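One letter stands for each residue in the lines below.
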Amino acid sequence: MATLLISDLHLHPGTPEITEGFLRWLEERACGCEALYILGDFFEAWIGDDLLDLAGQDPSGHADLSARVAVALRRLADDGTALYLMHGNRDFLLGERFAREAGATLLPDPSVVELGGRPLLLMHGDSLCTRDTAYQAFRAQARDPQWQAQVLAMPIVERIALAAKLREQSGEATSNKAEAIMDVTPDEVVRVMTEHGVSTLIHGHTHRPAVHELEVDGRPARRIVLGDWQPGQGWEVVIDDGGEPQLRDVTLGQ
Ligand code: LP5
């Protein structure tokens, strides 16, 4: 049975083609798989699991989308596929409640998992972009449990406004950053792979799908980068009986 890994779907009510394509991919592709790993930025922005309480009464469509996706994941989990969710830089507030309703387990970033008979290092990928010091400062603050508790105590409307403000600031900041700064730092990749004793790393975040050959501890190694999903096209890594992780682009039907 195959294991699938995906990342960076950025699900949002404004992009129904991606949502519909993903729900169809779940039924046609993921159904019957041993495990599905979602390596962050599953949602475009996550403001707290209590969004699920608003299903059926949120005109923006965010709550309905979240509830619908949770139900679809739950169906897959109930059919026997193990589901794992890792946080990304957009959905770091995704919590235990969503995971429970989706039948998924929250996976720490980084995580080493044994797949296809070998240890693989799984990450979202944002922590590898160490040259982006402004982002790393933001990340440290946004991952601070005290800051998160304060934010989650805010009324939902204020959280929606804060998320929109952060997105606006991020858009302005990224438009002024060099492309290389927003990619992973090669030395950091080697450092984390050495630290975890792996020769394969799979991550997303950069939206630059590719398989990079490198050397770690004098041995050949690989960094597989998942792509972001667009209307009509997604990306997956599949690990089947052969054990070799394969990066594939996927045509998404409606
Ligand atoms: O996301 P993307 O692709 O545009 O750019 C990312 C980095 N930006 C971010 C910020 C997120 O986009 C913000 C959206 C979060 C939505 C959910 C929020 C829920 C919590 C709030 C509501 C409850 O991750 C960007 C990187 C880029 O990837 C490439 O790696 O460069 O980093 C930045 O743009 C960061 C800026 O350089 C500096 C930060 C500006 C905001 C400062 C506000 C400080 C307020 C304190 C909050 C912690």
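The preceding data block contains the structure.
Only a predicted model underlies this, so the values are computations on that prediction, with no experimental measurement involved. (Residues numbered from 1 in each chain as written. Predicted model: local features only at pLDDT ≥ 70, side-chain atom pairs only at ≥ 80, totals over all residues. Heavy atoms only, no water.)

### Focus on the overall build of the chain
Okay, so step 1: Each helix and strand counted, the chain has seven helices and 11 strands in total.
Okay, so step 2: What you see for the chain is a C-alpha radius of gyration of 18 Å, in line with the 18 Å of a compact globule of 254 residues.
Okay, so step 3: For the chain, the spread of C-alpha atoms along the three principal axes comes to 55 × 40 × 30 Å.
Okay, so step 4: By the burial criterion, 48% of the 254 residues in the chain qualify as buried.
Okay, so step 5: Put simply, of all contacts in the chain between residues at least 6 apart along the chain, 65% involve residues at least 24 apart.
Okay, so step 6: By element, 51% of the accessible surface of the chain is carried by carbon and sulfur atoms, the whole surface being about 11,700 Å².
Okay, so step 7: Averaging the locations of the 22 positively and 40 negatively charged side chains of the chain gives two centres separated by 1 Å. (Helix = DSSP H or I, 4+ residues; strand = E, 2+ residues; numbered from the N terminus. Rg over C-alpha atoms; globule rule 2.2 N^0.38 Å. Buried < 20%, exposed > 50% of the residue type's maximum accessible area, 1.4 Å probe, protein only. Contact = heavy atoms within 4.5 Å. Areas by Shrake-Rupley, 256 points an atom, 1.4 Å probe, with all protein chains shown as cover. Lys, Arg positive; Asp, Glu negative; His and termini not counted. Charge placed at Lys NZ, Arg CZ, Asp CG, Glu CD.)

### Some remarks on the nonpolar core
Okay, so step 1: Among the nonpolar cores identified, the biggest contains 46 residues, and F22, W25, L26, F42, L73 and F98 are the most heavily contacted of them.
Okay, so step 2: Setting aside anything within four residues of it in sequence, one finds F22 in contact with I6, L9, L11, F42, V69, L73 and W229.
Okay, so step 3: Counting residues in hydrophobic clusters, the runner-up holds 15 residues, among them L5, A35, L39 and I224. (Core = buried A, V, L, I, M, F, W, Y, C linked by side-chain atoms within 4.5 Å.)

### Remarks on helix α2 (residues 62-78)
Okay, so step 1: Helix length check: α2, at 17 residues, gives a terminal C-alpha distance of 24 Å against a target of 24 Å (1.5 Å per residue), a fit within 8%.
Okay, so step 2: Listed in full, the buried residues belonging to α2 are A63, L65, S66, V69, A70, A72, L73, L76 and A77.
Okay, so step 3: Looking one or two residues beyond α2, the residue adopting positive phi is G80, at roughly 110°. (Expected span 1.5 Å × (residues − 1).)

### Details of the sheet that holds strand β9 (residues 219-225)
Sheet strands line up and pair through hydrogen bonds in the backbone, either parallel or antiparallel.
Okay, so step 1: Strand order in this open sheet of five strands is β5-β6-β7-β9-β8, and the pairing throughout is mixed. The open sheet has two edge strands, β5 (111-115) and β8 (210-216), and neither has a second partner. Averaged over all adjacent pairs, the angle separating strand axes in this sheet is 30°, with direction ignored.
Okay, so step 2: Pairing of strand β7 (residues 200-203) with β9, which is carried by four bridges, proceeds in the parallel orientation. (Pairing = 2+ DSSP bridges. Axes fitted to C-alpha atoms, helices over the stretch in contact; angles between N-to-C directions.)

### As for the sheet that holds strand β3 (residues 82-86)
Okay, so step 1: Taken together, the six strands give an open sheet; going across it, the order is β4-β3-β2-β1-β10-β11, and neighbouring strands pair in mixed fashion. At either margin of the open sheet sits one strand with a lone partner, and together these are β4 (104-107) and β11 (246-251). Strand-to-strand twist of the sheet, defined as the mean angle between neighbouring strand axes without regard to direction, takes the value 25°.
Okay, so step 2: Against the sheet, helix α1 (residues 16-30) contacts β1 (3-6), β2 (35-38), β10 (233-239) and β11, and its axis sits at roughly 160° relative to β1.

### Describing the site of the ligand
Okay, so step 1: Residues in contact with the ligand amount to 25 residues; listed here are only the nearest, R90, D132, R167, S170 and K177.
Okay, so step 2: Measuring from an oxygen atom of the ligand, one finds a side-chain N or O atom of R167 at 2.8 Å.
Okay, so step 3: Relative to its unbound accessible surface of 1,100 Å², the ligand loses 86% to contact with the protein.
Okay, so step 4: When each cavity is represented as a set of grid points, the ligand is found to reside in the largest pocket.
Okay, so step 5: Taken together, the elements giving at least two residues each to the shell around the ligand come down to α4 (133-142), α5 (145-152) and α6 (156-175).
Okay, so step 6: Looking at which element gives the most residues to the shell around the ligand, the answer is α6, with nine residues. (Near = heavy atom within 4 Å. Polar contact = N/O pair within 3.5 Å; in protein donor to acceptor, adjacent residues only side chain to side chain. 1 Å grid on protein atoms, 1.4 Å probe; cavity = no way out; pocket = protein on both sides within 12 Å on 5 of 7 lines; lining within 4 Å. Sits in = over half its atoms within 2 Å of the grid points.)

### A few points about the packing of aromatic side chains
Okay, so step 1: Applying the stated criterion across every chain yields a total of 11 aromatic pairs.
Okay, so step 2: Each ring, one from F22 and one from W229, has its centre 6.0 Å from the other, and the planes form 75°; the classification is edge-to-face. Here the residue F22 occupies a position in helix α1, and W229 occupies one in the loop between β9 and β10, the gap between them amounting to 207 residues. For the residue pair F22 and W229, the accessibility class agrees, reading buried in each case.
Okay, so step 3: A ring pair is formed by F92 and W147, whose centres lie 6.3 Å apart and whose planes are at 45°; its orientation type is tilted. Linking F92 in the loop between β3 and α3 (96-102) with W147 in helix α5, this pair joins segments that are 55 residues apart in sequence.
Okay, so step 4: Here W147 falls in the buried class, since its relative accessible area comes to 18%.
Okay, so step 5: Through pairs of rings, three or more aromatic residues link up here, namely F22, W25, F42, F43, W46, F98 and W229. (Phe/Tyr/Trp six-rings, centres within 6.5 Å; stacked < 30°, edge-to-face > 60°.)

Spatial relationships are all this shows, so hold off on functional conclusions.
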